[in-house]
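Residues per chain, in single letters:
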Amino acid sequence: MGLSTSPRLLSQLNVISKIASLISVAIGGVTILGWIFNIPSLKSILPEWIAMATNTAICFLFLGIVLWIVQQKQTSGLSQKVAYSLIMVVALLGILNLIEYIAGLNIGIDQLIFKEALTEAGSLAPNRMALTTALDFILLSFALYIFNSKRIALYKTAQIVSIVAFLIGLLTLIVYIYGVAPNFDGLAFYTQMAINTACCFMILSLGVLLVKPEVGFVQILTTESLAGILIRRMLPMMFLITIFLEWLILWGEQQKLYDARFGICLFVFLSLGLLSLLIVLTSGSIYRIEKQREHAQSALKEAENEIDRAVMANLRKDESLANTSHELRSPLQGIIAGSSMLLQEFFGPLNDKQKEYLGIIKNSGEHLLQLINDLLDIAKIDAGKLTIDIKEINLQSFIEETFKMVEPLGSEKNQMLIVQQEKNLPVTFQSDPVRLKQILCNLISNAIKFTPEEKLISLRCFLEEPTTLVFVVIDEGPGISESDLEKIFKPYEQGDQVTLTSIKGTGLGLFLVQKLVHLLNGNIQVQSQVGQGSQFSVSLPLSH
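Before going into details, it helps to say that this report is about the structure given with it. Just so it is clear, the model here is predicted, and its values are computed rather than measured.

## Looking at the overall build of the chain
Alright, step 1. Regarding its fold elements, the chain presents 15 helices and seven strands.
Alright, step 2. Accessible surface, the chain: about 29600 Å² in total, of which carbon and sulfur atoms supply 62%.

Written out as structure tokens, the structure reads:
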């Protein structure tokens, strides 16, 4: 079973973390207003319960702001400095309060804002945050410092610290639920904390825990694995069931329905029953998910087999096409050679009609041979059998040789073929000379074919970047419409200008050129407008 992370769950956990930061800011701000305007209901939930200290409210306000900053994908240097400053203030307040408790001192930080002695119900000292409150602020400051400084190696440590802070707040909340507060005696004395403080710590700790849900221990929550499903479904319910049952047992004892011993037995019985039911329900859900996964894997396997069969069929087709092409080329070359010799009247004079039909035979043979050669090259490329032979090429010699191959074609139509070379060209470059020559000859031949007589065709060569060599073939032909530009590189597709000029082509030339350019790690582009000619640019790396 894969540990693929669910984007939906990641998004939901990120939203929870952002909401937690806003709640922390809101509770801290509201409590500060309660102290400023002396509104008891804003300082504590009930008048007889402990009130949240002003320093505590300020710390919640500051850490809520820091949590919001940390969650942003991109933060400015100023935002990070603000976050560090607020973290240091909260950590310092927590440490100073711990020193006050441990050393029995009164440094005076508890009444920095409110100078008068504030003796709210249950307070350990005038307006002083509780011992556990100071400890929680130190823990959360440390965790947020790690996340704000992007210390990825310590993310797991920060998550553990935030879990500890959450559990401290949960312990205090349970004490309130079971009616122990405000009588904090014995060991309960060390859990003393305002109920709104405890709730805010649980929310803030959860927000800090979920800052980076895609890493560390929390990552398990975001996966569709068995562990992820179990934690998401069972852990919250286990907390709720256990806390509710214990409250129910204590309520029964207070109502004199049974004694403490029977209450323990009842708690064990109900816990086992409800947790067993939860496990059964969760197991049923997991079983259904596993069945769906099996069906999906089976369908995927069948799809893979279908793809393999299609690939093998395509390879057999390519091999058959290659074999057929080889069989056809030999007799065609004989037909072309024979018709050429007859046209040159090696075996006696011919009348005009004979020359006309022999010319048709020769041109048709050459056209068919070109089609077969193109098909053979395409079949080799698709089968991965066309090898590229990279060599050191002298640029000037290469351009001259290529130009000599196509110049006679232009002469037949009285066209002017020119070469334009920039001065900063390298002496040599690396490529496959045979395939590059095939690319350029194909492009220039197309330009000659579609350009009217006595027009200009040029081959331009320049450096686009220090490592990129560009060849550009420019003609003064009929141009290509915008709709045709999208299909000229597709097999057996030709533009409307072919129909207009009554020129026949295989429809494979540009398709093959594009494939060869990509094999050479290059790129081909075309710019054209109807009536203004075309421009084909081939960009290639100088070295491989």
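## Some remarks on the packing of helix α5 (residues 131-148) against helix α6 (residues 155-177)
Alright, step 1. Across the interface, α5 lies against α6 with an axial gap of 9 Å and an inter-helix angle of 155°. With respect to α6, the axis of α5 lies roughly antiparallel. The two elements α5 and α6 meet at a crossing, and its hand is left-handed. Contacts from Thr132, Leu135, Asp136, Leu139, Leu140, Phe142, Ala143, Ile146 and Phe147 of α5 reach α6 at Tyr155, Thr157, Ala158, Gln159, Val161, Ser162, Val164, Ala165, Ile168 and Gly169.

## What about the side chain of Ser21?
Alright, step 1. Residue position: Ser21 is located in helix α1 (residues 7-36).
Alright, step 2. Its relative accessible area of 0% is what places Ser21 among the buried residues.
Alright, step 3. In contact with Ser21, not counting residues within four places along its chain, are Gly64, Leu67, Trp68 and Gln71.

## As for the layout of surface pockets
Alright, step 1. Of the volumes computed, that of the second largest pocket is approximately 890 Å³.
Alright, step 2. Taken together, 29 residues form the lining of the second largest pocket, with Phe166, Leu206, Leu209, Leu235 and Phe239 sitting closest to its centre.
Alright, step 3. Mapped by element, the contributors of at least two residues to the lining of the second largest pocket are α1, α6, α7 (195-209) and α8 (226-254).
Alright, step 4. Of the residues that constitute the lining of the second largest pocket, the class distribution is 25 nonpolar, three polar and one charged.

## So, the pairing of strand β3 (residues 428-431)
Alright, step 1. In β3, alternate side chains face the same way, and those of Phe429 and Ser431 are buried while those of Thr428 and Gln430 on the opposite face are not.
Alright, step 2. Summarising the sheet, strand β1 (residues 391-394) and β3 pair through four bridges and their orientation is antiparallel. From the neighbouring strand, Ile393 faces β3, where its bridge partner is Phe429.

## Remarks on the packing of aromatic side chains
Given two aromatic rings, one states the distance between the centres and the angle between the planes to describe the pair.
Alright, step 1. Within this structure, the stated rule accounts for ten aromatic pairs.
Alright, step 2. Taken together, a centroid distance of 5.6 Å and an interplanar angle of 55° make the contact between Tyr84 and Tyr145 tilted. Taken together, the residues span a long stretch of sequence, with Tyr84 in helix α4 (residues 77-103) and Tyr145 in helix α5 at a distance of 61 residues.
Alright, step 3. Its relative accessible area of 27% is what places Tyr145 among the partly exposed residues.
Alright, step 4. Three or more aromatic residues joined by ring pairs make a cluster, and in this case those are Phe60, Phe137 and Phe201.
Alright, step 5. Between Lys43 and the ring centre of Trp35, over which it is positioned, the NZ or CZ distance is 4.3 Å.
Alright, step 6. Stacked on the ring of Phe462, the Lys or Arg Arg460 has its end atom at 4.3 Å from the ring centre.

## Regarding a nonpolar patch on the surface
Alright, step 1. Taken together, the side chains of Ile163, Leu167, Ile220, Ile231, Leu235 and Phe239 present a nonpolar region at the surface, about 450 Å² in accessible area.
Alright, step 2. The set of elements that each furnish at least two residues to the nonpolar patch consists of α6 and α8.
Alright, step 3. Among the elements that take part in the nonpolar patch, α8 stands out by supplying three residues, more than any other.
Alright, step 4. Considering the arrangement of structural elements, one finds Leu235 in helix α8.

## A closer look at unusual backbone geometry
Alright, step 1. Non-glycine residue Asn38 carries a positive phi angle of around 55°.
Alright, step 2. By secondary structure assignment, the location of Asn38 is in the loop between α1 and α2 (40-43).
Alright, step 3. At Asn521, a residue that is not glycine, the phi angle is positive and equals roughly 60°.
Alright, step 4. Turning to its location among the elements, Asn521 is positioned in the loop between α15 (509-519) and β6 (523-528).

## Remarks on the pattern of salt bridges
Alright, step 1. Counting across every chain of the model gives three salt bridges.
Alright, step 2. Of the charged contacts, one joins Asp389 and Lys391 as a salt bridge, the two residues approaching to 3.6 Å between their closest N and O atoms.
Alright, step 3. By relative accessible area, which is 41% here, Asp389 ends up partly exposed.
Alright, step 4. The class for Lys391 is partly exposed, based on a relative accessible area of 42%.
Alright, step 5. Between Arg460 and Glu422 there is a salt bridge; the shortest N-O distance is 3.5 Å.

## Comments concerning the sheet that holds strand β7 (residues 534-541)
Two orientations exist for strands paired in a sheet by backbone hydrogen bonds: parallel and antiparallel.
Alright, step 1. Here we have five strands laid out as an open sheet, ordered β2-β4-β5-β7-β6, and mixed in their pairing. Two strands in the sheet have a free side with no partner beyond their single neighbour: β2 (416-421) and β6. Along the sheet, successive strands turn relative to each other by an average axial angle of 15°, direction set aside.
Alright, step 2. Pairing of β2 with strand β4 (residues 456-465), which is carried by six bridges, proceeds in the parallel orientation. Each residue of the ladder has a partner; that of Gln420, found in β4, is Arg460.
Alright, step 3. Here helix α11 (residues 395-412) sits on the sheet in contact with β2, β4 and β5 (468-475), set at roughly 165° to β2.
Alright, step 4. In this fold α15 packs onto β6 and β7, with an angle of close to 140° to the strand it touches most, β6.

## Concerning empty space enclosed by the protein
Alright, step 1. As enumerated under the stated definition, the model contains two cavities of 30 Å³ or more in all.
Alright, step 2. If you add up the space inside the second largest cavity, you get close to 40 Å³.
Alright, step 3. Around the second largest cavity, the lining residues are Phe403, Val406, Leu417, Ile418, Ile444, Ile457, Ser458, Leu459 and Val473.
Alright, step 4. For the lining of the second largest cavity, the secondary structure elements donating two or more residues are α11, β2 and β4.
Alright, step 5. The element best represented in the lining of the second largest cavity is β4, accounting for three residues.
Alright, step 6. Grouping the constituent residues of the lining of the second largest cavity by class yields eight nonpolar, one polar and no charged.

## Comments concerning the nonpolar core
Side chains of nonpolar character tend, in soluble globular proteins, to be buried together.
Alright, step 1. Counting residues in each nonpolar core, the largest one holds 43 residues, and the members touching the most others are Phe429, Leu443, Leu469 and Phe471.
Alright, step 2. Those elements that provide at least two residues to this core are α10 (352-382), α11, α12 (433-450), β4, β5, α15, β6 and β7.
Alright, step 3. Of the residues forming this core, the biggest block, eight residues, is contributed by α12.
Alright, step 4. Contact partners of Leu443, with chain neighbours within four places excluded, come to Val473, Leu510, Val513, Ile524, Phe536 and Val538.
Alright, step 5. Counting residues in each nonpolar core, the second largest holds 37 residues, with Ala20, Ala57, Leu98 and Phe201 among its members.

Criteria and thresholds
Residues numbered from 1 in each chain as written. Predicted model: local features only at pLDDT ≥ 70, side-chain atom pairs only at ≥ 80, totals over all residues. Heavy atoms only, no water. Helix = DSSP H or I, 4+ residues; strand = E, 2+ residues; numbered from the N terminus. Areas by Shrake-Rupley, 256 points an atom, 1.4 Å probe, with all protein chains shown as cover. Axes fitted to C-alpha atoms, helices over the stretch in contact; angles between N-to-C directions. Parallel < 35°, antiparallel > 145°, perpendicular 65-115°, else oblique. Left-handed = near helix turned anticlockwise from the far one by under 90°. Contact = heavy atoms within 4.5 Å. Buried < 20%, exposed > 50% of the residue type's maximum accessible area, 1.4 Å probe, protein only. 1 Å grid on protein atoms, 1.4 Å probe; cavity = no way out; pocket = protein on both sides within 12 Å on 5 of 7 lines; lining within 4 Å. Points joined across faces, edges and corners; volume = space filled by probe spheres on them. Nonpolar A, V, L, I, M, F, W, Y, C, P; charged D, E, K, R; others polar. Pairing = 2+ DSSP bridges. Phe/Tyr/Trp six-rings, centres within 6.5 Å; stacked < 30°, edge-to-face > 60°. Lys NZ or Arg CZ within 6 Å of the ring centre and 35° of its normal. Patch = residues over 30% accessible without salt bridge, like charges linked within 9 Å, V, L, I, M, F, W, Y side chains within 5 Å. Salt bridge = Lys/Arg side-chain N within 4 Å of Asp/Glu carboxyl O. Core = buried A, V, L, I, M, F, W, Y, C linked by side-chain atoms within 4.5 Å.

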